Amino acid sequence: MTFWALLILTALLIAAFLGYAMFRGRKNREPAATYDLRVYREQLAGVDRDLARGVVSEADAERVRTEISRRILAADAQMQAQTDQDGPPLWANVVAISVVAAVLVGGGFWMYRQMGAAGLPDQPLELRKEMAEALRADRPSQAQVEADLPAAPQPQLDESYAALLEQLRETVSTRPDDLQGHILLAQHEANAGNFRAAYAAQQRVIELSGDAAPADAYSHLAEMMILSANGYVSPEAEEALKQALQRDPRHGPANYYLGQMMVQVGRPDIGYRIWIDALRVAPPGAPWVEAIYAQLDDLAFRAGVFNPPNIPAPSGPSREDIDAAAALTPEERQEMIQGMVNQLSDRLATEGGPVEDWAQLIAALGVLGEGQRAIDIMKEAVDIFAGDTEALELLDAAAFQAGIAQ
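Residues numbered from 1 in each chain as written. Predicted model: local features only at pLDDT ≥ 70, side-chain atom pairs only at ≥ 80, totals over all residues. Heavy atoms only, no water.

Chemist: Just to check I follow, could you spell out the overall build of the protein chain for this structure?
Modeler: Within the protein chain, the secondary structure is distributed over 19 helices and zero strands. Going through the 406 residues of the protein chain one by one, you find that 30% of them count as buried. Considering only intrachain contacts with a sequence separation of at least 6, the fraction spanning at least 24 residues in the protein chain is 62%. Of the accessible surface of the protein chain, which amounts to about 25400 Å², a share of 58% is contributed by carbon and sulfur atoms. (Helix = DSSP H or I, 4+ residues; strand = E, 2+ residues; numbered from the N terminus. Buried < 20%, exposed > 50% of the residue type's maximum accessible area, 1.4 Å probe, protein only. Contact = heavy atoms within 4.5 Å. Areas by Shrake-Rupley, 256 points an atom, 1.4 Å probe, with all protein chains shown as cover.)

Chemist: Explanation requested: the nonpolar core in the structure shown.
Modeler: Note that soluble globular proteins tend to have their nonpolar side chains buried in a common cluster. Of all hydrophobic cores here, the largest spans 48 residues; its most connected members are Leu241, Trp275, Trp288, Ile292 and Leu296. The set of elements that each furnish at least two residues to this core consists of helix 7 (159-174), helix 8 (179-191), helix 9 (195-209), helix 10 (215-228), helix 11 (235-247), helix 12 (252-264), helix 13 (268-280) and helix 14 (287-302). The biggest single contributor to this core is helix 10, with eight residues. Once residues within four sequence positions are removed from consideration, Trp275 is found in contact with Asn255, Tyr256, Gly259, Gln260, Ile292, Gln295, Leu296 and Leu299. Leu348, Trp358, Leu365 and Phe385 belong to the second largest nonpolar core, which has 21 residues in total. (Core = buried A, V, L, I, M, F, W, Y, C linked by side-chain atoms within 4.5 Å.)

Chemist: Quick question: what am I supposed to make of the pattern of salt bridges here?
Modeler: Enumeration over the complete set of coordinates arrives at 19 salt bridges. Through salt bridges with shared partners, a single ionic network connects Asp48, Glu58, Glu62 and Arg65. (Salt bridge = Lys/Arg side-chain N within 4 Å of Asp/Glu carboxyl O.)

Chemist: Before we go on, may I ask you to explain the side chain of Gln260 in this structure?
Modeler: Residue position: Gln260 is located in helix 12. Judged by relative accessible area, Gln260 falls into the buried class, the value being 18%. Setting aside anything within four residues of it in sequence, one finds Gln260 in contact with Gly231, Val233 and Trp275.

Chemist: How should the packing of helix 17 (residues 355-367) against helix 18 (residues 371-384) be read in this particular structure?
Modeler: Between two packed helices, what matters for the description is the angle formed by their axes and the separation of those axes. For the pair helix 17 and helix 18, interaxial distance at closest approach is 9 Å and the crossing angle is 165°. It follows that helix 17 is roughly antiparallel to helix 18 by the angle criterion. The two elements helix 17 and helix 18 meet at a crossing, and its hand is left-handed. On the side of helix 17, the interface is formed by Trp358, Leu361, Ile362, Leu365 and Gly366, while helix 18 contributes Arg373, Ala374, Ile377, Met378, Glu380, Ala381 and Ile384. The residue inventory of the contact of helix 17 with helix 18, partitioned by class, reads nine nonpolar, one polar and two charged. (Axes fitted to C-alpha atoms, helices over the stretch in contact; angles between N-to-C directions. Parallel < 35°, antiparallel > 145°, perpendicular 65-115°, else oblique. Left-handed = near helix turned anticlockwise from the far one by under 90°. Nonpolar A, V, L, I, M, F, W, Y, C, P; charged D, E, K, R; others polar.)

Chemist: So what exactly am I meant to see when it comes to the side chain of His251 here?
Modeler: Topologically, His251 is positioned in the loop between helix 11 and helix 12. In this structure the side chain of His251 is engaged in a polar contact, spanning 2.5 Å, whose partner is the side chain of Asp216. Ignoring any residue separated from it by four or fewer positions in sequence, one finds His251 in contact with Ala215, Asp216, Ser219 and Leu245. (Polar contact = N/O pair within 3.5 Å; in protein donor to acceptor, adjacent residues only side chain to side chain.)

Chemist: Before we go on, may I ask you to explain the environment of Phe385 in this structure?
Modeler: Relative to the helices and strands, Phe385 resides in the loop between helix 18 and helix 19 (389-402). In sequence terms Phe385 and Leu395 are 10 residues apart; their C-alpha atoms lie 9.4 Å from each other.

Chemist: Help me out: how do you make sense of helix 18 in this one?
Modeler: Because the α-helix completes a turn every 3.6 residues, residues three or four places apart line up on one side. Across its 14 residues, helix 18 extends 20 Å between first and last C-alpha, which sits within 8% of the 20 Å expected from 1.5 Å per residue. Of the residues making up helix 18, those classed as buried are Ala374, Ile377, Met378 and Ala381. Around the axis of helix 18, the buried residues are gathered within 105° of arc, so they sit on the same side. Of the residues in helix 18, the exposed ones pointing more than 90 degrees away from the buried face are Gln372, Lys379 and Asp383. (Expected span 1.5 Å × (residues − 1). Arc of directions from axis to C-beta.)

The quantities given are spatial measurements derived from coordinates; they are silent on function.
This is the structure we're talking about:
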């Protein structure tokens with residue numbers, strides 16, 4: 001009730017100010033003939049002063065007084081006519097003010113009923129953060145979400161592929177410790193759209209791999225869980241993402257899904273920062289980069305960022321370039337790769353770039369057999385990124401890959 005009382009009082013105050021302006025304008029409105037009367041009276045007084053100084057004769061002064069008096073009478077008649085007809089009557093102003101007040105109060109009430117949230121308490125930033133943490137801690141598990149989802153239609157598979165998949169299932173079931181068999185089973189279950197069976201097989205892959213399980217293994221597990229839950233990132237999927245990022249903090253798919261989870265629990269600000277950081281170190285041609293760009297503007301708005309940084313798409317060969325290269329002869333392919341490497345080298349020499357591009361260039365030169373050129377580029381990159389431990393580690397890894405490590 002306090003809110004509605006303030007709303008109505010505000011509308012009435014606005015109407016009162018408008019009504020005051022209307023009445024004041026009506027009261028202070030002065031006909032144009034009033035100004036003419038003041039001028040003519042000044043002229044009469046001026047004639048008397050000129051006559052007293054002897055500037056004009058008595059006859060001329062009388063003739064001028066007669067003309068000015070005639071004009072005064074005409075102006076006075078005009079003023080009387082304008083006073084009788086000027087402006088609306090008082091009752092019209094009262095009606096107009098009443099209509100304005102009704103429109104302001106009633107219109108404001110209707111608009112808030114349509115667009116507002118009556119009864120919603122204040123939600124300060126700290127409270128929203130606490131609510132997001134509570135939502136994150138109490139959100140449903142993977143099993144609960146899967147149980148609530150409607151049964152997914154069975155995928156239509158080619159008969160020969162379905163027979164091979166069934167054979168693979170039977171073989172793996174008789175060989176529970178076959179790591180390669182479980183890897184194949186997880187992959188083909190996912191290809192067939194059986195995501196629950198896929199992540200169950202992937203869990204066995206991680207168990208058999210032990211501490212040697214790479215970041216990709218955990219990222220694949222999380223992705224299959226998320227697909228099985230229709231895009232929902234469960235606590236179990238979040239734990240798999242954390243395991244992937246512990247092994248590789250720059251793992252793109254894991255960062256993508258982790259940002260998506262933060263959006264789901266009401267923290268778009270954290271999700272936005274995760275995606276921006278992931279884009280800065282994204283490898284060329286990564287499919288998850290396009291998914292981030294497609295949602296980044298909307299996420300920036302939800303995160304309260306109205307001037308997002310301009311992060312260019314990562315340089316390097318696209319999927320189309322790779323497909324086109326597959327159809328070339330070895331000589332043509334070598335020439336195309338050489339051209340792309342030279343283009344990257346020229347860009348870094350003139351415009352600079354992130355350390356990932358320098359590492360990519362060093363590794364590519366090693367593959368092409370241009371060891372001395374790779375060494376020169378390595379020295380230049382070390383000078384540029386001196387003092388940046390992570391960048392130097394990435395450059396050392398590229399130098400090792402290129403075969404020029406000391």
